[in-house]
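Each chain, letter by letter, is given below.
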Amino acid sequence: MAAKSPSINKPLPVRITGRIQETPRIATLEFAVPGVRPVPGQFFMVWIPGVDEIPMSVASIDNDRGIYAVSVAAVGEATAALFAKDVGDKIGIRGPFGNGFDVSVGDGGACIIGGGVGMAALKPLVSVLLEQRKNLIVINAARTKSELLYHESFEKSIAPGMTYFISTDDGTCGEKCLGHELLVSLLGQGKIRADKVYTCGPELMMRQVFLACKERAMRVEASLERMMRCGSGLCGLCALDPGGLLVCKDGPVFSGDQLGGVTEFGNYKRDLSGKRIPLKK
Ligand SMILES: Cc1cc2nc3c(=O)[nH]c(=O)nc-3n(C[C@H](O)[C@H](O)[C@H](O)COP(=O)(O)OP(=O)(O)OC[C@H]3O[C@@H](n4cnc5c(N)ncnc54)[C@H](O)[C@@H]3O)c2cc1C
Ligand code: FES
């Protein structure tokens, strides 16, 4: 009998087959999911038995073997429970959901800028663009050195055509600044010539990346996060003001043109009741 695939409505139980402690508060969990072919930028709804079901970017894609991973940062009840899982533990998977990144990049190459656990959504994109032999600039930003996600793996995988920059808020590794500040500085010094910029991370960082790209007429795509329930366009919880774009279905990846019309981008999000939560500036 063929192995079961996840459906939109019902999580497929899977066992964790690998766990990497990436940073003190981020872990990568690996598992097999038959019958799916996620693309970079898509996400799974991950069910943590007895706790909750939450969206997680597909952080590693091996479609040949059907092996995938998520990288989870412990920030609240569900993420802490997922972070605590280990090899052999059971979780549930629905999806993949969302649109994914548009991986068409011109000869000028691409710049990828990830902040904190946002790099999880971007890692499969790095692999695809390297396979396409595009010139690639990766900016990895975190609060402090120990929180730089995939830092060692990026250092090891630097390939011809790839340049790797680091920023930390406290200056313990790379430049002492915020991720978007490093991007603006590198653009100013002429060290970044890219056709397209991809970003995922804290929304205030993504807003500044968007503005820097807009000023220079550079193409940009950003992967947004909002509270989600269904993950598949049914409940409306993840709708963005004012047009009602759904982060789970129309996104999570949005182009610069789309972001320009989203008034809440970089300003506020909503809690489970729909109440506005201003983003901390
Ligand atoms: C498409 C998508 C992909 C994501 N990918 C990842 C990933 O790869 N790794 C990862 O660690 N996290 C990811 N997240 C965020 C993750 O889903 C939330 O951190 C998680 O749902 C919080 O649940 P909790 O019970 O641990 O925290 P809660 O107790 O519910 O909340 C803790 C804090 O996180 C905020 N929060 C809760 N849910 C979200 C959300 N969906 N988006 C933004 N802030 C939220 C709350 O406002 C609160 O400040 C993703 C979110 C989306 C929408
Ligand atoms: S989470 Fe239900 S519509 Fe997006």
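Keep in mind that what you see is a predicted model, and the values were worked out from it rather than measured.

(A) Quick look at the environment of Ala159. Position of Ala159 relative to the elements: it lies in the loop between α3 (151-156) and β10 (162-168). Separated by 33 residues in sequence, Ala159 and Ile192 place their C-alpha atoms 17 Å apart.

(B) Structural detail: unusual backbone geometry. In this structure, Pro242 follows Asp241 across a cis peptide bond, with omega equal to 0°. Residue position: Pro242 is located in the loop between β14 (239-240) and β15 (245-246). Of the consecutive residues Gly251 and Pro252, the connecting peptide bond is found in the cis state with omega at 10°. Within the fold, Pro252 resides in the loop between β15 and β16 (253-255). A positive phi is found at Tyr150, a non-glycine position, where the angle reads about 60°. Positioned with a positive phi, Ala217 is a non-glycine residue whose angle comes to about 55°. Inspection of the secondary structure assignment puts Ala217 in the loop between α5 (203-215) and β13 (219-223).

(C) Structural context of the pattern of salt bridges. The full count for this structure, using the stated rule, is nine salt bridges. We note a salt bridge from Glu203 to Arg226, for which the minimum N-O separation is 2.6 Å. Taken as a pair, Glu203 in helix α5 and Arg226 in the loop between β13 and β14 lie far apart in primary sequence, 23 residues in all. The class for Glu203 is buried, based on a relative accessible area of 11%. A salt bridge links Arg270 to Asp241, with the nearest nitrogen and oxygen atoms 2.6 Å apart. On the criterion of sequence distance, the pair formed by Arg270 in strand β17 (residues 268-270) and Asp241 in the loop between β14 and β15 is long-range, its members being 29 residues apart. On the accessibility criterion, Asp241 (19% relative accessible area) is buried. Among the charged side chains, a network of salt bridges with common partners joins Asp102, Lys196 and Glu221.

(D) Representation of the sheet that holds strand β12 (residues 196-200). Pairing is mixed in the open sheet, where seven strands are placed in the order β11-β10-β9-β8-β12-β13-β16. Strand pairing shows two members of the sheet lacking a second neighbour, β11 (175-176) and β16, which therefore form its edges. When strand β8 (residues 110-115) meets strand β9 (residues 136-142), the two strands line up parallel, connected through six bridges. Across the sheet, Cys111 pairs through a bridge with Ile137, a residue of β9. Packing of helix α2 (residues 119-131) onto the sheet brings it into contact with β8, β9, β10, β12 and β13, and relative to β8 it is tilted by some 160°. Across the sheet, α5 is in contact with β8, β12 and β13; its angle to β12 comes to roughly 170°.

(E) Region of the structure containing the site of ligand 1. Near ligand 1 you find 20 residues, and of these Pro55, Ser71, Ala73, Thr79 and Arg226 are the closest. Pro55 places a polar main-chain atom, nitrogen or oxygen, 2.8 Å from an oxygen atom of ligand 1. The contact in question runs from an oxygen atom of ligand 1 to an N or O atom on the backbone of Gly76, over 3.2 Å. Notes on ligand 1: free accessible area 860 Å², of which the protein chains cover 77%.

(F) Local environment of the packing of aromatic side chains. Under the criterion given, the structure shown has seven aromatic pairs. On the basis of an interplanar angle of 85° and a centroid distance of 6.1 Å, the ring pair of Tyr150 and Phe154 is categorised as edge-to-face. By the burial criterion, Tyr150 is buried, and Phe154 matches it. On the basis of relative accessibility, which here comes to 2%, the residue Phe154 falls in the buried class. Three or more aromatic residues joined by ring pairs form one cluster here, namely Phe31, Phe44 and Tyr68. Sitting over the ring of Phe83, Arg19 keeps its end group 5.1 Å from the ring centre. The lysine or arginine in question, Lys123, covers the ring of Tyr150, its NZ or CZ lying 4.7 Å from the ring centre.

Procedures and definitions
- Residues numbered from 1 in each chain as written.
- Chains lettered and ligands numbered in written order.
- Predicted model: local features only at pLDDT ≥ 70, side-chain atom pairs only at ≥ 80, totals over all residues.
- Heavy atoms only, no water.
- Helix = DSSP H or I, 4+ residues; strand = E, 2+ residues; numbered from the N terminus.
- Salt bridge = Lys/Arg side-chain N within 4 Å of Asp/Glu carboxyl O.
- Buried < 20%, exposed > 50% of the residue type's maximum accessible area, 1.4 Å probe, protein only.
- Pairing = 2+ DSSP bridges.
- Contact = heavy atoms within 4.5 Å.
- Axes fitted to C-alpha atoms, helices over the stretch in contact; angles between N-to-C directions.
- Near = heavy atom within 4 Å.
- Polar contact = N/O pair within 3.5 Å; in protein donor to acceptor, adjacent residues only side chain to side chain.
- Areas by Shrake-Rupley, 256 points an atom, 1.4 Å probe, with all protein chains shown as cover.
- Phe/Tyr/Trp six-rings, centres within 6.5 Å; stacked < 30°, edge-to-face > 60°.
- Lys NZ or Arg CZ within 6 Å of the ring centre and 35° of its normal.

Everything listed is a geometric property; what it means functionally is a separate question.
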